[in-house]
Amino acid sequence: MAPLNGPGVTIKDVARLANVSVATVSRALNGHENVAAAVRERVLAIASSLDYCPHHAARVLSSRRTRTVGVVLPDLPCEYYARLMCGIDLAARERGLQLLVSGHHQSEQAQGAALRSMRGRVDGIIVMSPHAGVDVLAAHLPEALPVLLLDSDAQLPNVRSLRIDNYGAARTLLRHLLDRGYRRIAFIAGRESHFNADERLRGYRDGLAEWLPQAQPWVLAGDFDVASGHRAGKALLAAPQLPDAVFAANDTMALGCMLAFGAAGVRVPGDIALAGFNDIPLAQYMHPALTTMRVDIAGFGARALHLLLEDADAAAVPQCLPAELVVRESTVGNGPGRRDDTLTDTSALAGSLPGW
């Protein structure tokens, strides 16, 4: 029997000899913190003794004919996708890979065509789309072609997926507004039929139903751009009564809303609080600086490429990354809210808060 070392060694061999799970080996080899030091040392020692390379799939990918990874996105002329691409591109260049990028501009048909056009031209594909699961299947991609779904609700066998916890993050931001004393909270929704937008809206609705059940959701249409945020702001200004706070599904719409309020002489946060999502660079330089949920967008992109290239023996377990609450002046300045920035337990609010 041939010795157990070299290219024939798999992650399962390392896991068996280390007496741990494949997932634990993967975490140890990739430097994750949630692995005990002793276990990490044992895994690394065994992997080294077997001459096992944790990025075997990446090595295979980079040695193939194309040395290219395909990226299919909903859009390209947008700051979010630009920063996402920066992260993917940096991680690709570190591995000597090139990118083939296509933006399908919200069209399922165009996305399907982009996926089909990449067959034979790339050695792996990163796809972000609300309809990614359906389109990946419809594109009839080769079974051996690695595919990673970004921010999609699709559940496909043997297909890796990575997403942001948009639902939990939206609940966290809503809870912050409630803790600050705001009660009439309007929400500017994102693009229709968009997974991120749907999850953020769901988090707002569910959080409101749980913590302030007598309040009716106040949802305005948006499209993730400045213009739609500005339209929503003008619509709020025309309402019989202003809300106490506005939660925009991204920072760009929050900026448009703030511009509408400023033109009308409505002060943020003196007259109304305002919060966004993503923490784009402009958020901290707005006046006032914007409270938001911080997403490491470039890091998200780099992580996506890493997962695409991860060892083929590793389980294709969906991964969900958290977002971080960043509290700034737009919700804690001179508005009506409390000055305590702590996220307290709001489970008791429902029985004591006034209705709308």
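What you see is a predicted model, and the numbers here were worked out from it, not measured in a lab.

Enquirer: Whenever I open this one, the overall build of the protein chain confuses me. Can you help?
Expert: Along the protein chain, the regular secondary structure elements total 13 helices and 12 strands. Across the 356 residues in the protein chain, those meeting the buried criterion constitute 51%. Look at the contacts in the protein chain between residues 6 or more apart in sequence, and 71% of them connect residues 24 or more apart. Accessible area of the protein chain: about 15,900 Å², with a carbon and sulfur share of 53%.

Enquirer: It is not clear to me how the packing of aromatic side chains should be interpreted in this structure. Could you clarify?
Expert: For any pair of aromatic rings, the description rests on two quantities: the centre-to-centre distance and the angle between the ring planes. The tally for this structure, following the rule as stated, stands at three aromatic pairs. Their ring planes at 85° and their centres at 5.4 Å tell us that Tyr80 and Tyr81 sit as a pair that is edge-to-face. Comparing Tyr80 with Tyr81, the two get one shared label, buried. For the pair Phe187 and Tyr204, a centre-to-centre distance of 4.9 Å together with 20° between the ring planes defines the contact as stacked. A residue pair is termed long-range when its members are at least 10 positions apart, and Phe187 in strand 6 (residues 185–188) and Tyr204 in helix 9 (residues 195–211) qualify at 17 residues. Taken individually, Phe187 and Tyr204 each receive the classification buried, so the pair is uniform in this respect.

Enquirer: Sorry if this is basic, but what is going on with the pairing of strand 6 here?
Expert: Every other side chain in a regular strand lies on the same face of the sheet, so the side chains alternate between the two faces. Burial of the side chains of strand 6 extends over both faces: Ile185 and Phe187 are buried on one face and Ala186 and Ile188 on the other. Across three bridges, the pairing between strand 6 and strand 7 (residues 218–220) is parallel. Counterpart to Ala186 in the pairing with strand 7 is Trp218. Chirality of the crossover, the property in question, places the unit of strand 6, helix 9 and strand 7 among those that are right-handed.

Enquirer: How should helix 10 (residues 226–237) be read in this particular structure?
Expert: Look at helix 10: 17 Å from first C-alpha to last across 12 residues, which is about the 16 Å you get at 1.5 Å a residue. Listed in full, the buried residues belonging to helix 10 are Ser228, Gly229, Ala232, Gly233 and Leu236. With its buried residues spanning 140° around the axis, helix 10 presents them on a single face. Across from the buried face of helix 10, at angles greater than 90 degrees, the exposed residues are Arg231 and Lys234.

Enquirer: Is there a simple way to think about the pairing of strand 3 (residues 125–128) in this case?
Expert: Of the two faces of strand 3, the one holding Ile125 and Val127 and the one holding Ile126 and Met128 are both buried throughout. Looking at chain direction, strand 1 (residues 68–73) and strand 3 are connected through three bridges and run parallel. Within strand 3, the position partnered with Gly70 by the bridge is Ile125. Here strand 3 runs beside strand 4 (residues 147–150); their pairing, made up of four bridges, is parallel. Paired with Met128 across the bridge in strand 4 is Leu150.

Enquirer: How should the sheet that holds strand 1 be read in this particular structure?
Expert: Think of a sheet as strands paired side by side through backbone hydrogen bonds, with each pair either parallel or antiparallel. Reading across the sheet, the six strands line up as 2-1-3-4-5-11 and stay open at both edges, with parallel pairing between neighbours. Both edges of this open sheet fall to strand 2 (98–103) and strand 11 (319–321), since each of them pairs with a single strand only. Between one strand and the next, the sheet's axes are offset by a mean angle of 15°, whatever the strand orientation. On top of the sheet, helix 12 (residues 297–309) reaches strand 1, strand 3, strand 4, strand 5 (160–164) and strand 11; it is set at about 165° to strand 5, its chief contact.

Enquirer: So what exactly am I meant to see when it comes to the sheet that holds strand 7 here?
Expert: An order of 7-6-8-9 is seen for the four strands of this open sheet, with the pairing classed as parallel. Each edge of the open sheet is held by one strand with a lone partner, namely strand 7 and strand 9 (273–275). Sheet twist, expressed as the average angle between the axes of neighbouring strands with direction ignored, equals 20°. With respect to the sheet, helix 8 (residues 166–179) is in contact with strand 6, strand 8 (245–248) and strand 9, its orientation differing from that of strand 8 by roughly 170°. Packed on one face of the sheet, helix 9 meets strand 6 and strand 7 and runs near 165° to strand 6.

About the criteria used
Residues numbered from 1 in each chain as written. Predicted model: local features only at pLDDT ≥ 70, side-chain atom pairs only at ≥ 80, totals over all residues. Heavy atoms only, no water. Helix = DSSP H or I, 4+ residues; strand = E, 2+ residues; numbered from the N terminus. Buried < 20%, exposed > 50% of the residue type's maximum accessible area, 1.4 Å probe, protein only. Contact = heavy atoms within 4.5 Å. Areas by Shrake-Rupley, 256 points an atom, 1.4 Å probe, with all protein chains shown as cover. Phe/Tyr/Trp six-rings, centres within 6.5 Å; stacked < 30°, edge-to-face > 60°. Pairing = 2+ DSSP bridges. Right-handed = clockwise from strand over helix to strand, strands pointing away. Expected span 1.5 Å × (residues − 1). Arc of directions from axis to C-beta. Axes fitted to C-alpha atoms, helices over the stretch in contact; angles between N-to-C directions.

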